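Coordinate analysis (summary)
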Amino acid sequence: NAGVMQNPRHLVRRRGQEARLRCSPMKGHSHVYWYRQLPEEGLKFMVYLQKENIIDESGMPKERFSAEFPKEGPSILRIQQVVRGDSAAYFCASSPLASADTQYFGPGTRLTVL
Amino acid sequence: GESVGLHLPTLSVQEGDNSIINCAYSNSASDYFIWYKQESGKGPQFIIDIRSNMDKRQGQRVTVLLNKTVKHLSLQIAATQPGDSAVYFCAENRATDSWGKLQFGAGTQVVVTP
């Protein structure tokens, strides 16, 4: 029974490049959440998606960041024209339902921007 | 402002002793709380949750206490083991916000000494 899967686990990009982070939720889960964690800090909510719908993107930066969860395939968090401040760990979580059900987290993608 | 926060950044515990990790929240509308454990280089791992209509919940070696009067949450770990060394986060789901948007505290580092 695979948990939440994220890839790549580590990603290195130069300033100005694009970063694509992928998340496959647990089997049977239709809700996906992305969080960002800076060193020595807690996780910060970014976006909540269901299949083909963005439910809440109040934590997403207004520019350069986008997320999708297509009908088929993993959820994608895309960061365009990365800057050094984007360096962080990005975690995906999934749940079978919304409404305060437990979110199960993946191992994260550690993005380093040179 | 409204926040979820922790009292102690680091907790040193002797192996075999009990650990108590505290968390304060300020939004009385919060109705669901979760404790996560995060080991170095890994994603948050669900430990235990509690809803606002309860004041205590027990799991295997862990107990969560919720005091709504003073807006305080605690996690008790019995007979702490070396494998319990990690950062512990409390998180809340606020009914006034959209479902699924977990608000995390800053974390408490638990160090288990022999």
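Residues numbered from 1 in each chain as written. Chains lettered and ligands numbered in written order. Predicted model: local features only at pLDDT ≥ 70, side-chain atom pairs only at ≥ 80, totals over all residues. Heavy atoms only, no water.

1. A few points about the packing of aromatic side chains
All names here are of chain A. Within this structure, the stated rule accounts for 11 aromatic pairs over all chains. With a centroid separation of 4.7 Å and an interplanar angle of 20 degrees, the aromatic rings of Tyr 33 and Tyr 48 are classed as stacked. Here Tyr 33 is found in strand 4 (residues 31-37), whereas its partner Tyr 48 is found in strand 5 (residues 43-50), with 15 residues between them in sequence. Relative accessible area serves as the criterion here: at 0%, Tyr 33 is assigned to the buried category. (Phe/Tyr/Trp six-rings, centres within 6.5 Å; stacked < 30°, edge-to-face > 60°. Helix = DSSP H or I, 4+ residues; strand = E, 2+ residues; numbered from the N terminus. Buried < 20%, exposed > 50% of the residue type's maximum accessible area, 1.4 Å probe, protein only.)

2. What about unusual backbone geometry?
Residue Pro 8 of chain A follows Asn 7 of chain A across a cis peptide bond; omega there is -5 degrees. The topology assignment puts Pro 8 of chain A in the loop between strand 1 (5-7) and strand 2 (10-13). The backbone phi angle of Lys 71 of chain B is positive, close to 55 degrees, even though this residue is not glycine. With respect to the element layout, Lys 71 of chain B can be found in the loop between strand 7 (62-67) and strand 8 (72-77). Given the relative accessible area of 26%, Lys 71 of chain B is considered partly exposed.

3. Here we look at the state of the cysteines
Residues and elements named next belong to chain B. In the structure shown here, the tally under the stated rule is 2 disulfides over all chains. Here Cys 23 pairs with Cys 90 through a disulfide, and the sulfurs are 1.9 Å apart. One disulfide, between Cys 23 and Cys 90, carries an S-S torsion of 55 degrees and so falls in the right-handed class. Of this pair, Cys 23 sits in strand 3 (residues 19-25) while Cys 90 sits in strand 9 (residues 86-94); the two residues are 67 residues apart in sequence, bridging distant segments of the chain. Looking at Cys 23, the relative accessible area reads 2%, which means it is buried. Residue classification places Cys 90 among the buried positions, given a relative accessible area of 0%. (Disulfide = S-S within 2.5 Å.)

4. With respect to the pattern of salt bridges
All names here are of chain A. Inspection of every chain in the model, using the stated rule, returns 6 salt bridges over all chains. Put simply, Glu 18 and Arg 20 hold a salt bridge, and the shortest N to O gap is 2.8 Å. You can call Glu 18 partly exposed: its relative accessible area is 29%. Of the charged contacts, one joins Asp 86 and Arg 64 as a salt bridge, the two residues approaching to 2.7 Å between their closest N and O atoms. You can see Asp 86 sitting in the loop between strand 8 (75-79) and strand 9 (88-95) and its partner Arg 64 sitting in the loop between strand 6 (53-56) and strand 7 (65-68), a full 22 residues away along the chain. Residue class for Asp 86 comes out buried when judged on its relative accessible area of 3%. Several salt bridges converge on common partners, so that one network encompasses Glu 18, Arg 20 and Arg 78. (Salt bridge = Lys/Arg side-chain N within 4 Å of Asp/Glu carboxyl O.)

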